[in-house]
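# Fold and contact review
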2 protein chains.
Amino acid sequence: MKRVVGSPGTWSGMVLRLSQCVFASASTFAMVSGFGYSNYSAFFYLNVSLILQLMWSLFLACKDIFALRNKKDLHTADNLLFIVLIDFAVAIFMFSAACASASLTVFFMWDVHLCKAYPRLACRHFGLSVVLAFITWFLQAASSFSGFWLLVSFF
Amino acid sequence: MKRVVGSPGTWSGMVLRLSQCVFASASTFAMVSGFGYSNYSAFFYLNVSLILQLMWSLFLACKDIFALRNKKDLHTADNLLFIVLIDFAVAIFMFSAACASASLTVFFMWDVHLCKAYPRLACRHFGLSVVLAFITWFLQAASSFSGFWLLVSFF
């Protein structure tokens, strides 16, 4: 089994997946606890993406823990291809949702100054959620590239 | 010289670059001709990305035409690496700008129904511009992957 940092079935891979879970949960919590988030499509879309990300990362973290405990090799071409394809799809979802929400937050904060005019709107929560979503995306991209690198080395 | 569809220095590559130019120009024109676009950060960011895309695609289209006329081989590892790296950066820029603008357009159209309440706001122009920007991004992604595929086959 090749040792590529962050690839499936390694300690670093598991840590990466668990940190994705932590950041995705934190981002979801920051968004959901903000007043008025559900009125805006972009924030709703971010929440859907975060939950998708959370489920996928949790599933792979469990798989990694299982493989590490039982010394099972996850680096078969079929398994890697499946993981890398879904990883890239999830990463693209996360990135688009983070960009969409960032755009709306910037609009509220600086374009129309709605946060000052209407203090009940939870702009700080939205901002925090967007930053955490970008960190989640970054970690997800790291996992994807690590798997992809391993997959390329098969051929 | 390997013949990968859409790679630098081929007819299909040149057609891909020229269509990127056409769609990027059309998207910029649709945005600029809409009243009130400059008040919003996301639309401004889309315009900057589109102009960047236009310059890069035009430069590579000229390079392709030059290479095809003079039968020059553009498929050296250095040249490809340079093109693929900038291609991916431009594609990420375009995608983020398109998502950000799409989010704001959806907000105007369906979240707060600002387009009905304030008909002077050029929502149709914004919508058209976003669709064209996504097509540009798709063509740019095709170019990037074609170059990347060629680059991988070098190693």
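Small disclaimer: the values here were computed from a predicted structure and weren't measured.

### Quick look at the relation of the copies chain A and chain B
Relative to chain B, chain A is turned by 180° and slid 0.0 Å along the rotation axis, the superposed coordinates differing by an RMSD of 0.0 Å. Each copy turns onto its partner about a two-fold axis. Scanning chain A for the C-alpha nearest the rotation axis identifies Ala-100 of chain A, at a separation of 2.2 Å.

### Quick look at the pattern of salt bridges
Residue and element names in this part refer to chain A. Tallied over the entire structure, the rule returns two salt bridges over all chains. In this structure, the salt-bridge partner of Asp-87 is Arg-17, at a minimum N-O distance of 2.8 Å. Note that Asp-87 is positioned in helix H3 (residues 77-111) and Arg-17 in helix H1 (residues 11-32), a separation of 70 residues in sequence. Given the relative accessible area of 1%, Asp-87 is considered buried.

### What about the confidence of the model for chain A?
Mean pLDDT over chain A: 93, with 99% of residues reaching 70 or higher. Interface confidence for the predicted complex, given as ipTM, is 0.92, next to a pTM of 0.93.

### Here's the deal with a nonpolar patch on the surface
Together, Tyr-45, Leu-52 and Phe-93 of chain A make up a nonpolar patch on the protein surface, roughly 250 Å² of accessible area in all. Structurally, Tyr-45 of chain A is set in helix H2 (residues 41-69).

### Describing the UniProt feature "domain: Casparian strip membrane protein" (unreviewed entry) in chain A
The positions that UniProt labels "domain: Casparian strip membrane protein" (unreviewed entry) are, in the present scheme, residues 7-139 of chain A. In residues 7-139 of chain A, helix accounts for 80% and strand for 0%; the two terminal C-alpha atoms are 12 Å from one another.

### Brief notes about the packing of helix H1 (residues 11-32) of chain B against helix H5 (residues 123-152) of chain B
Angle between the axes and distance between the axes: these two values describe a pair of packed helices. Residues and elements named next belong to chain B. Across the interface, H1 lies against H5 with an axial gap of 8 Å and an inter-helix angle of 160°. The orientation of H1 with respect to H5, classified from their angle, is roughly antiparallel. In terms of crossing hand, the pair formed by H1 and H5 is left-handed. For the pair H1 and H5, the contacting residues are Leu-16, Arg-17, Ser-19, Gln-20, Phe-23, Ala-24, Ala-26, Ser-27, Ala-30 and Met-31 in the first and His-125, Phe-126, Leu-128, Ser-129, Leu-132, Ala-133, Ile-135, Thr-136, Leu-139, Gln-140, Ala-142 and Ser-143 in the second. In terms of residue class, the contact of H1 with H5 is built from 13 nonpolar, eight polar and one charged.

### Thoughts on unusual backbone geometry
Residue and element names in this part refer to chain A. A positive phi is found at Lys-71, a non-glycine position, where the angle reads about 50°. With respect to the helices and strands, Lys-71 occurs in the loop between H2 and H3. The backbone phi angle of His-113 is positive, close to 50°, even though this residue is not glycine.

Reading the values: rules and limits
- Residues numbered from 1 in each chain as written.
- Chains lettered and ligands numbered in written order.
- Predicted model: local features only at pLDDT ≥ 70, side-chain atom pairs only at ≥ 80, totals over all residues.
- Heavy atoms only, no water.
- Least-squares fit on C-alpha atoms with pLDDT ≥ 70 in both.
- Salt bridge = Lys/Arg side-chain N within 4 Å of Asp/Glu carboxyl O.
- Helix = DSSP H or I, 4+ residues; strand = E, 2+ residues; numbered from the N terminus.
- Buried < 20%, exposed > 50% of the residue type's maximum accessible area, 1.4 Å probe, protein only.
- pLDDT = per-residue confidence, 0-100.
- Patch = residues over 30% accessible without salt bridge, like charges linked within 9 Å, V, L, I, M, F, W, Y side chains within 5 Å.
- Areas by Shrake-Rupley, 256 points an atom, 1.4 Å probe, with all protein chains shown as cover.
- UniProt positions renumbered as here; feature names shortened; annotations may be inferred.
- Axes fitted to C-alpha atoms, helices over the stretch in contact; angles between N-to-C directions.
- Parallel < 35°, antiparallel > 145°, perpendicular 65-115°, else oblique.
- Left-handed = near helix turned anticlockwise from the far one by under 90°.
- Contact = heavy atoms within 4.5 Å.
- Nonpolar A, V, L, I, M, F, W, Y, C, P; charged D, E, K, R; others polar.

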